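Descriptive analysis of the structure
Chain by chain, the residues run as shown.
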Amino acid sequence: MNIILLKSLFYFMASFLCSFIIIEILIKYSSKLNLIDHPDYRKIHSEATPVVGGLGIIITFVILILFSWYNKWELFSLRIEESIILAIASFIIILTGLIDDLRGLKARDKFLFQIIAAVMVVVGISNLQQIDWPLSELFDSTIYNSIMCVFYIISILNAINLIDGLDGLAGGVSIIITTTFVGLSILSGGYLTDLFPMYILLGSLVGFMYYNKPPARTFLGDTGSLFIGWFFALSSLLYAQKTNLSLSILLPIMVLGLPAFDVIFVMLRRFSS
């Protein structure tokens, strides 16, 4: 079998097993970790539910990233300095979600940290500043494209967060989005090695869905929903740089655009409150 196919299968199976085991352990200790979502007037579920699914997915990512680094398997096609910036920005997003799960954060504080992380990535990864957004020819391309990238990242970042809380919904939608990305990338002639992170996410989500199917034993939590939204936002922008399709940037937006469109209005409403 092709080595890329074997690695793809390994990442999927390893991430599935890791997330399945880790989430089970986290559910057991969720009360001690204080990662419990209690029902209130804004929640649909009527019982206290652990919010450790996303944390299990993130831990799975960390384990497989370290494994790849130790075995010198290329997982991200980024320069070392870009990878460091991405790691720091991702840590900010994860920490924001974790604090929100533990004690709660005001919407303005969450958006502030998200903007900081998004700006770091857009400034630090040069490819993101070169996306040909609509109306780019009417403005200074670098500044306008950077602003559009930040706006896009923040919108997609929060989209999954809006649908977390219903049994199977966030996980199911995320699996559909991930599978669509993989299919679009393959059909457009993308590099198969660039899909390895997608296989890690896909396997992790399948493991998470076992605990999120009705009646859900755990949810993603803000930690997980923000991380997955962050992953989708950056992946779709980087995908737009590598595809051969003329409407490259529109394809990931069509997949993620509906929840992103909803989140824009939620963001504006919360900022004004």
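Keep in mind the model is a prediction, meaning the values are calculated, not measured.

What counts, and where the lines are drawn
- Residues numbered from 1 in each chain as written.
- Predicted model: local features only at pLDDT ≥ 70, side-chain atom pairs only at ≥ 80, totals over all residues.
- Heavy atoms only, no water.
- Helix = DSSP H or I, 4+ residues; strand = E, 2+ residues; numbered from the N terminus.
- Buried < 20%, exposed > 50% of the residue type's maximum accessible area, 1.4 Å probe, protein only.
- Core = buried A, V, L, I, M, F, W, Y, C linked by side-chain atoms within 4.5 Å.
- Contact = heavy atoms within 4.5 Å.
- Salt bridge = Lys/Arg side-chain N within 4 Å of Asp/Glu carboxyl O.
- Phe/Tyr/Trp six-rings, centres within 6.5 Å; stacked < 30°, edge-to-face > 60°.
- Lys NZ or Arg CZ within 6 Å of the ring centre and 35° of its normal.

As a rule of thumb, non-glycine residues mostly have phi less than zero, and peptide bonds are mostly trans rather than cis. Backbone geometry at Asn-34 places phi at a positive 60 degrees, although glycine is not the residue there. The residue Asn-34 is located in the loop between helix H2 (30–33) and strand S1 (36–37) in this model. In this structure Asn-34 comes out as partly exposed when scored by relative accessible area, which is 45%.

Looking now at the nonpolar core. Counting 63 residues, the largest nonpolar core has Ile-57, Ile-228, Trp-230 and Phe-232 as the members making the most contacts within it. Among the elements of the structure, helix H1 (3–28), helix H3 (53–70), helix H4 (80–102), helix H5 (107–124), helix H6 (141–163), helix H7 (169–187), helix H8 (196–212) and helix H9 (221–242) are those that each provide at least two residues to this core. Residue contacts for Ile-228: discarding those within four places in its chain leaves Ile-57, Ile-160, Ser-174, Leu-201, Leu-205 and Leu-220.

Now for the pattern of salt bridges. Across all of its chains, the model carries five salt bridges by this definition. A salt bridge links Lys-110 to Asp-222; the nearest nitrogen and oxygen atoms lie 3.8 Å apart. Note that Lys-110 is positioned in helix H5 and Asp-222 in helix H9, a separation of 112 residues in sequence. Among the residues examined, Lys-110 registers a relative accessible area of 6% and is labelled buried. Under the relative-accessibility criterion, Asp-222 is labelled buried at 14%.

For the rest of this paragraph, the subject is the packing of aromatic side chains. Enumeration according to the criterion identifies 14 aromatic pairs in this entry. For the pair Phe-20 and Tyr-211, a centre-to-centre distance of 5.3 Å together with 40 degrees between the ring planes defines the contact as tilted. With Phe-20 in helix H1 and Tyr-211 in helix H8, the pair connects residues that are 191 residues apart, well separated along the chain. Here the aromatic residues Phe-10, Tyr-11, Phe-67, Trp-73 and Phe-196 are joined through ring pairs into a cluster of three or more. Over the face of the ring belonging to Trp-73 we find Lys-7, whose NZ or CZ atom lies 4.7 Å from the ring centre. Lying over the aromatic face of Tyr-210, Lys-213 brings its terminal NZ or CZ to 3.9 Å of the ring centre.

Remember that the coordinates give geometry; whether it matters functionally is a separate question.
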